[in-house]
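Fold and contact review
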Amino acid sequence: MDIKWIKTFIIAAQYENFRQASEELFVTQPAITKHIKRLEEQLNSQLFERVGKHVALTAAGHHFLPYAREILAQYEQGLDEFEAWKQGYKRKLSIATAPQIASSVLPFLLRSFMDQYPDIEVLINVLKSYEIGEEVSAGRADIGLTRVKPIQTNIQCQMIHEEPVILVGPNDVSLDEKAGLHTYRLITHNHPAYWNDLLHDIKRLYPNVRTMAVNQVEITKKFIEQGLGISYLPRSMVKEEISMGKLLEVKSNRISPPASATYILTKVETNEATAFSQFLGEEIVNF
């Protein structure tokens, strides 16, 4: 049984349309028909009913579909594991992480972790902070790294780091808090945890402040560099730019900036997850 027949059957079953299946798989429609026919001959069962230009799954087709998906999943998993073996990996660790963490502290930490554990293959999935709890809860990730506490109750959540949030501006003029908030737009909502309360405090003290919502930290930093605004960001996220002279830390006078916490989420304490959790707890304090 050719794995191509299985893939074709699954996609054709999804659309119940051979033309759409051919477009999805980048093959001709006659090739789709040929694959399905060969699979039906192999199974000695009709999988689709053909009515004019339309097709529909038969009872046999519906019954075989979950087996087909399982066959394909095991095939793809086997290829992935074989490829990992060829690269020298013996274990695997899947990490779901928020973009704020992926673009700041994670690269350095991962480099050190992979040097220490060269036999662990690390897979990274960057998601919105509010999606990470579900990813761990569903078992699609071994570890979650997020800036917000999850709502899921079947996973463990531990705060592993807390750092100051600082006001950051363009490094072309000398500013203090008052001058910065009067001169520049305040770029907001680039962090999932603290902006609602912080913005309320800012508007109470500086009611005429102009704001601009930008939901990505990396874009926020670029905007600040170009003189489009100032923003409150966790120190680790701007540490490199400040040291390189691209951004400037602005002294706060009346506003008390919040702290930003990093949480690690787990559901099943595998050896790999435990190793990473312990490593992270020891190393992240340097940030």
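The structure we're discussing is the one just above.
Before going further, it helps to examine the overall build of the protein chain. Assigned secondary structure in the protein chain consists of twelve helices and eleven strands. A globule of 287 residues ought to have a C-alpha radius of gyration of about 19 Å, yet the protein chain, at 26 Å, is considerably larger. Taken across its 287 residues, the protein chain has 43% of its residues classed as buried. When contacts within the protein chain are restricted to residue pairs at least 6 apart in sequence, those whose partners lie at least 24 apart make up 73%. One way to put it: in the protein chain the 31 positive side-chain charges average out to a point 5 Å from where the 35 negative ones average out.

The next thing to look at is the packing of helix α10 (residues 217-225) against helix α11 (residues 235-243). Two elements in contact, α10 and α11, have axes separated by 11 Å at closest approach and are oriented at 35°. You can see that α10 and α11 cross each other, and the crossing is right-handed. Taking contact as the criterion, the partners of Val217, Lys221 and Glu225 in α10 are, on α11, Met237, Val238 and Glu241. By residue class, the composition of the contact of α10 with α11 is three nonpolar, no polar and three charged.

Another point: the pattern of salt bridges. The final tally for this structure, using the stated rule, is eleven salt bridges. One salt bridge connects Arg147 with Glu163, and the closest N-O pair in it is separated by 3.0 Å. A residue pair is termed long-range when its members are at least 10 positions apart, and Arg147 in the loop between β5 (143-146) and β6 (156-170) and Glu163 in strand β6 qualify at 16 residues. Exposure remark for Arg147: the relative accessible area of 2% places this residue in the buried category. The salt bridge involving Asp201 is made with Arg204; its shortest N-O contact spans 4.0 Å. Of this pair, Asp201 and Arg204 both sit in helix α9 (residues 195-205), three residues apart, which is roughly one turn of the helix. Since its relative accessible area comes to 31%, Asp201 is described here as partly exposed.

Moving on to the packing of helix α6 (residues 106-116) against helix α12 (residues 271-283). Where α6 meets α12, the closest approach of the two axes is 11 Å, and the angle between their N-to-C directions is 130°. Taken together, the axis directions place α6 and α12 in an arrangement best described as oblique. When the axes of α6 and α12 are compared, the crossing they make is right-handed. Across from Leu109, Leu110, Ser112, Phe113 and Gln116 in α6, the residues of α12 making contact are Ala275, Phe276, Phe279, Leu280 and Glu283. The residue inventory of the contact of α6 with α12, partitioned by class, reads seven nonpolar, two polar and one charged.

What counts and what doesn't
- Within any chain, residue numbers begin from 1 and follow the written order of that chain's sequence.
- The predicted origin of the model limits local features to residues at a pLDDT of at least 70 and limits the giving and counting of side-chain atom pairs to 80 or more, whereas totals for whole chains, interfaces and linings rest on all residues.
- Hydrogen atoms and water are omitted, and side-chain values are computed over all heavy atoms in the structure.
- Numbering goes from the N terminus for both helices and strands, where a helix is a DSSP run of H or I of at least four residues and a strand is a run of E of at least two.
- The globule rule used for comparison is 2.2 Å times the number of residues to the exponent 0.38, while the radius of gyration itself is calculated over C-alpha atoms.
- Each residue is placed in one exposure class: buried if its accessible area under a 1.4 Å probe, protein chains only, is under 20% of its type's maximum, exposed if it is over 50%, and partly exposed if it falls in between.
- Contacts: residue pairs with any heavy atoms within 4.5 Å of one another.
- The positive count covers Lys and Arg only, the negative count covers Asp and Glu only, and His and the chain ends enter neither.
- A single reference atom marks each charge: NZ on Lys, CZ on Arg, CG on Asp, CD on Glu.
- Fitted lines through C-alpha atoms serve as axes, helices being fitted only where they are in contact, and the angles separating the N-to-C directions of these axes extend from 0 to 180 degrees.
- Here a crossing is called left-handed whenever its near helix is offset anticlockwise from the far helix by less than a right angle, and right-handed whenever the offset is clockwise.
- The residue classification treats Ala, Val, Leu, Ile, Met, Phe, Trp, Tyr, Cys and Pro as nonpolar and Asp, Glu, Lys and Arg as charged. All others, Gly included, are polar.
- Note on definitions: salt bridges are taken to be side-chain nitrogens of Lys or Arg within 4 Å of carboxyl oxygens of Asp or Glu.
- For classification purposes, angles smaller than 35 degrees are called roughly parallel, those larger than 145 roughly antiparallel, those between 65 and 115 roughly perpendicular, and all remaining angles oblique.

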